[in-house]
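Okay, here's what each chain looks like letter by letter:
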Amino acid sequence: MNPSRRALAEQLQLYFICGTPNTKDVLGTVETALQCGVTCFQFREKGKEALYGDKKEAMARALQTLCRSYDVPFIINDDVALAERIDADGVHIGQDDTEAAHVRARIGPDKWLGVSVHTLEEAAAAIDHADYVGIGPVYPTKSKEDAGAVNGTTLIRQVRDMYRELPIVGIGGILPEHVPMIRQDGADGVAVISAIASAPDVAMATRRFACL
Ligand code: 3NM
């Protein structure tokens, strides 16, 4: 694997995703998670109680400042304009969001672009533009209303077999005990919302992932 891809893959080991709909205290939750070993963070502000406009931007900036102080990449879900405005480290998009080629053209070669894929065809379409792909849902999830069919680690294995150097994160319903198998089947890391954001003890939950 080339060095920059290797570095990116290592940075994806424990990828925490969170927004205001996922916890009452986003800033406190994210700071604790950063202290306890999160290696990448995505601000995903989606759902009924999501912030918009100035409030969303203020929250993004506060989270970005936190991530910077822990030297952890700060990625924004879907909102390319916000990512550009605040100079985020990258953008993550799903299949229903703006097309990967278009986002890459906007953000340039130096920012990270992550794409969620749910089939081999989607993976094949993403690889020309994406720095990494998120593959899921590995297990059932309550955090994404329109999540597709659960595919376990089958698709991760297939994508890894076809694209040896592509950084991959597994996503969807992942708990610490799942991590060894997901890695063994080809993912570089795991992306997690509820197992950290909804944990009664965020520090302990994050450490359980981080020590794997
Ligand atoms: N994307 P949790 S599953 C944001 O399959 C997201 O692409 C998915 O949250 C996909 O860790 C998912 O709480 C939700 O299950 C992940």
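Everything below is about the structure shown above.
Residues numbered from 1 in each chain as written. Predicted model: local features only at pLDDT ≥ 70, side-chain atom pairs only at ≥ 80, totals over all residues. Heavy atoms only, no water.

Tallied over the full model, the rule gives three aromatic pairs. One aromatic cluster in this structure is built from Phe 16, Phe 41 and Phe 74. (Phe/Tyr/Trp six-rings, centres within 6.5 Å; stacked < 30°, edge-to-face > 60°.)

Bringing helix 3 (residues 53-69) into the picture now. With 17 residues, helix 3 should reach 24 Å at 1.5 Å per residue; the first-to-last C-alpha distance of 25 Å fits that figure. Lys 56, Glu 57, Met 59, Ala 60, Leu 63, Gln 64, Leu 66 and Cys 67 are the residues of helix 3 that are buried. (Helix = DSSP H or I, 4+ residues; strand = E, 2+ residues; numbered from the N terminus. Expected span 1.5 Å × (residues − 1). Buried < 20%, exposed > 50% of the residue type's maximum accessible area, 1.4 Å probe, protein only.)

The next point concerns the pattern of salt bridges. With the rule as written, the count across this model stands at 12 salt bridges. In this structure, Glu 57 engages Arg 85 in a salt bridge whose closest nitrogen and oxygen atoms are separated by 2.8 Å. Taken as a pair, Glu 57 in helix 3 and Arg 85 in helix 4 (residues 80-86) lie far apart in primary sequence, 28 residues in all. The residue Asp 161 makes a salt bridge to Arg 164 at a minimum N-O spacing of 3.5 Å. (Salt bridge = Lys/Arg side-chain N within 4 Å of Asp/Glu carboxyl O.)

The next subject is the site of the ligand. In the vicinity of the ligand there are 13 residues, among which His 118, Thr 141, Ser 143, Gly 173 and Ser 194 approach most closely. For the ligand, an oxygen atom lies 2.9 Å from a polar atom in the side chain of His 118. Separating an oxygen atom of the ligand from a backbone N or O atom of Gly 173 is a distance of 2.7 Å. Protein chains bury 97% of the 420 Å² of accessible surface belonging to the ligand in isolation. Of the residues in the shell around the ligand, the class split is four nonpolar, seven polar and two charged. (Near = heavy atom within 4 Å. Polar contact = N/O pair within 3.5 Å; in protein donor to acceptor, adjacent residues only side chain to side chain. Areas by Shrake-Rupley, 256 points an atom, 1.4 Å probe, with all protein chains shown as cover. Nonpolar A, V, L, I, M, F, W, Y, C, P; charged D, E, K, R; others polar.)

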